[in-house]
Amino acid sequence: MRDGDLKKTVETLRWIDNRLEMIDQRLLPHQFVYVSHESAAEVATSIRDMVIRGAPAIGVAAAYGVALEALRWRDQPAQEQRSALDEAFSVLSASRPTAVNLFWAIERMRVFCRNQSAADASSLAALVVAEAHRIYQEDIQINQSLGRFGAELLHDGDRVLTHCNAGALATAGHGTALGVIRSAVESGKKISVWADETRPFLQGARLTAWELMQDHIPVTLITDNMSGYLMSRGEIDRIIVGADRVAANGDVANKIGTYMVAVLAHRHRIPFYVASPLSTIDLAKASGADIPIEERAPCEVTGYGEQFWAPVGVSVRNPSFDVTPASLITGIITERGIVSAPDAGKIRQLFDL
Ligand code: MRU
């Protein structure tokens, strides 16, 4: 990746010899393996199967999926390459439904391709690859800006709870919620983190705990049912989570369990922040009720990997996200600043509307 002097600890995605490599996040923290991709269909499968996950990371991966497809067809007639790109847009769009960054990135690539008048497929391929690199680099820069704004909200010595993984692994680098924590630590504040394990896919236990330990940021792992107890004892000062889609009224869809944490935070008067780049805000969805919520396979609830603990045949629900109403959110941290007590008017102002 051509990321200049941008500081990164974990390289979630990397572009090597016209191939996209992504850390297989299903294997973390025990194995650190990169999986190579050469087509949009392969990228779509990896997004669906959670090789890569986290809203901004999914968007960046999809942009590179389009770039791979443009390259695959670079020696073919321009018209055939355009048809292959149309097919790539639909295959990638079908991979996961909730994180809007996926659709944001696909739309940006679609418009970019439409506006190029490159005469031959090879020239278009080079331009599309460059646009994917831009999306990657912008994502890191956006997270760093967002991190700087959010860091102002954290006090020296804060004990911060986070849910799921909204770190470098969920983005091109730095992270959103963990980016705020990283920026605060970089500014000299002493911050410690409570990481919810985040059933059923364990992004907190497997990814957040690992990522923070790589950076030597103090982290303590808890199960999802422990945070209420810790809040009642005054052991949590602030909460920061990421977002998969923010509706026009400030409602936030994020990893299942986020809503529960927000309700508890409200009960205990603990500030509850959402770190979200503008690309995660979907003005086309009036409220959280309009956001599509992914339901994943029952086997994620009945066990993990090769291990199954529930009775065979038990009925299971597995909604992967929930919606936290804007009224429970202290502020949404974006690369343009913090929206306190979010509502439709303030969200529109963010976009200069
Ligand atoms: O199912 P996942 O792991 O893709 O869900 C990820 C989350 O819910 C994150 O909290 C969210 O995408 C924010 S990532 C910066």
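Brief notes about the overall build of the protein
So, point 1. Along its length, the protein carries eleven helices and 16 strands.
So, point 2. Computed over C-alpha atoms, the radius of gyration of the protein comes to 20 Å, within 12% of the 20 Å expected from 2.2 N^0.38 for 353 residues, which places it in the range of a compact globule.
So, point 3. Burial analysis of the protein (353 residues in total) assigns 56% to the buried set.
So, point 4. Pairs at least 24 residues apart make up 74% of the contacts formed inside the protein by residues separated by at least 6 positions.
So, point 5. Just so you have it, the protein exposes about 14,600 Å², and 52% of that area is on carbon and sulfur atoms.

So, helix H4 (residues 100–115)
So, point 1. In a regular helix each residue adds 1.5 Å, so 16 residues correspond to 22 Å; H4 covers 23 Å between its end C-alpha atoms and thus fits that length.
So, point 2. If you follow the buried residues of H4, they end up packed against helix H1 (40–48), helix H2 (55–72), helix H3 (78–93), helix H5 (121–151), strand E8 (245–247) and strand E11 (281–282).

Re the domain arrangement of the protein
So, point 1. Segmentation of the protein into domains returns domain 1 (13–143) and domain 2 (147–352).
So, point 2. Averaged C-alpha coordinates put domain 1 and domain 2 at centres separated by 25 Å.
So, point 3. Every contact between the two is made by 28 residues of domain 1 and, on the other side, 35 residues of domain 2.
So, point 4. Per-residue buried area on domain 1 facing domain 2 is highest for Arg53, Thr98 and Asn143; these three make up 26% of the total on that side.
So, point 5. The salt bridge partner of glutamate 294 is arginine 96, with a shortest N-O separation of 2.8 Å.

A word on the packing of aromatic side chains
For any two aromatic rings, the description comes down to two numbers: the centre-to-centre distance and the angle of the planes.
So, point 1. One pass over the structure, following the stated rule, counts five aromatic pairs.
So, point 2. Seen in terms of ring centroids, phenylalanine 32 and tyrosine 34 are 5.5 Å apart; in terms of plane orientation they differ by 90°. Their pairing is edge-to-face.
So, point 3. A residue is classified by how much of its surface remains accessible, and phenylalanine 32, at 45% relative accessible area, is partly exposed.
So, point 4. Judged by centre distance (6.0 Å) and plane angle (65°), the ring pair of phenylalanine 201 and tyrosine 304 falls under edge-to-face. Here phenylalanine 201, found in the loop between strand E5 (192–196) and helix H7 (203–214), pairs with tyrosine 304, found in strand E12 (residues 303–304); they are 103 residues apart in sequence, far enough to count as distant.
So, point 5. Look at tyrosine 304 and you get partly exposed, because its relative accessible area is 25%.

Looking at the site of the ligand
So, point 1. Surrounding the ligand, one finds 18 residues, the nearest of these being Arg53, Arg96, Asp244, Asn254 and Lys255.
So, point 2. Here an oxygen atom of the ligand sits 2.9 Å away from a polar atom, N or O, in the main chain of glycine 54.
So, point 3. Glutamine 203 is positioned with one of its side-chain polar atoms (N or O) 2.9 Å from an oxygen atom of the ligand.
So, point 4. Considering the ligand on its own, with 410 Å² of exposed area, one finds that the protein chains cover 100% of that surface.
So, point 5. According to the grid-proximity analysis, the pocket containing the ligand is the largest cavity.
So, point 6. For the shell around the ligand, the residue count by class is eight nonpolar, six polar and four charged.

Quick word on the sheet that holds strand E2 (residues 19–23)
So, point 1. Strands sit in the order E1-E2-E3 across an open sheet of three strands; the sheet is antiparallel. Each edge of the open sheet carries a strand with a single partner, namely strand E1 (13–16) and strand E3 (34–37). Mean inter-strand twist for the sheet, computed between neighbouring axes without regard to direction, equals 25°.
So, point 2. Looking at chain direction, E2 and E3 are connected through four bridges and run antiparallel. In the sheet register, leucine 20 faces E3, and the bridge partner there is histidine 37.
So, point 3. Seen against the sheet, H1 touches E2 and E3 and runs at an angle of roughly 145° to E3.

Some points on the sheet that holds E5
So, point 1. Pairing within the open sheet is mixed, and its seven strands lie in the order E6-E5-E4-E7-E10-E15-E16. Each edge of the open sheet is held by one strand with a lone partner, namely strand E6 (219–222) and strand E16 (337–340). Strand-to-strand twist across the sheet, computed as the mean angle between neighbouring axes with direction ignored, equals 25°.
So, point 2. Strand direction decides the pairing type here: strand E7 (residues 238–241) and strand E10 (residues 272–275), joined by three bridges, are parallel. Paired with isoleucine 239 across the bridge in E10 is phenylalanine 272.

Some remarks on the packing of H2 against H4
Each pair of packed helices gets described by two things: the angle between the helix axes and the distance between those axes.
So, point 1. Close contact between H2 and H4 brings their axes to 7 Å; oriented N to C, the two are set at 30°. By the angle between their axes, H2 is roughly parallel relative to H4. Read as a crossing pair, H2 and H4 show a hand that is right-handed. For the pair formed by H2 and H4, the contact residues are Ala55, Pro56, Ile58, Gly59, Ala62, Ala63 and Val66 on the first element and Asn101, Leu102, Ala105, Ile106 and Met109 on the second.
So, point 2. In the contact of H2 with H4, the residues fall into ten nonpolar, two polar and no charged.

Calculation notes
Residues numbered from 1 in each chain as written. Predicted model: local features only at pLDDT ≥ 70, side-chain atom pairs only at ≥ 80, totals over all residues. Heavy atoms only, no water. Helix = DSSP H or I, 4+ residues; strand = E, 2+ residues; numbered from the N terminus. Rg over C-alpha atoms; globule rule 2.2 N^0.38 Å. Buried < 20%, exposed > 50% of the residue type's maximum accessible area, 1.4 Å probe, protein only. Contact = heavy atoms within 4.5 Å. Areas by Shrake-Rupley, 256 points an atom, 1.4 Å probe, with all protein chains shown as cover. Expected span 1.5 Å × (residues − 1). Domains from an automatic or database assignment. Buried area = accessible area lost by both parts, 1.4 Å probe. Salt bridge = Lys/Arg side-chain N within 4 Å of Asp/Glu carboxyl O. Phe/Tyr/Trp six-rings, centres within 6.5 Å; stacked < 30°, edge-to-face > 60°. Near = heavy atom within 4 Å. Polar contact = N/O pair within 3.5 Å; in protein donor to acceptor, adjacent residues only side chain to side chain. 1 Å grid on protein atoms, 1.4 Å probe; cavity = no way out; pocket = protein on both sides within 12 Å on 5 of 7 lines; lining within 4 Å. Sits in = over half its atoms within 2 Å of the grid points. Nonpolar A, V, L, I, M, F, W, Y, C, P; charged D, E, K, R; others polar. Pairing = 2+ DSSP bridges. Axes fitted to C-alpha atoms, helices over the stretch in contact; angles between N-to-C directions. Parallel < 35°, antiparallel > 145°, perpendicular 65-115°, else oblique. Left-handed = near helix turned anticlockwise from the far one by under 90°.

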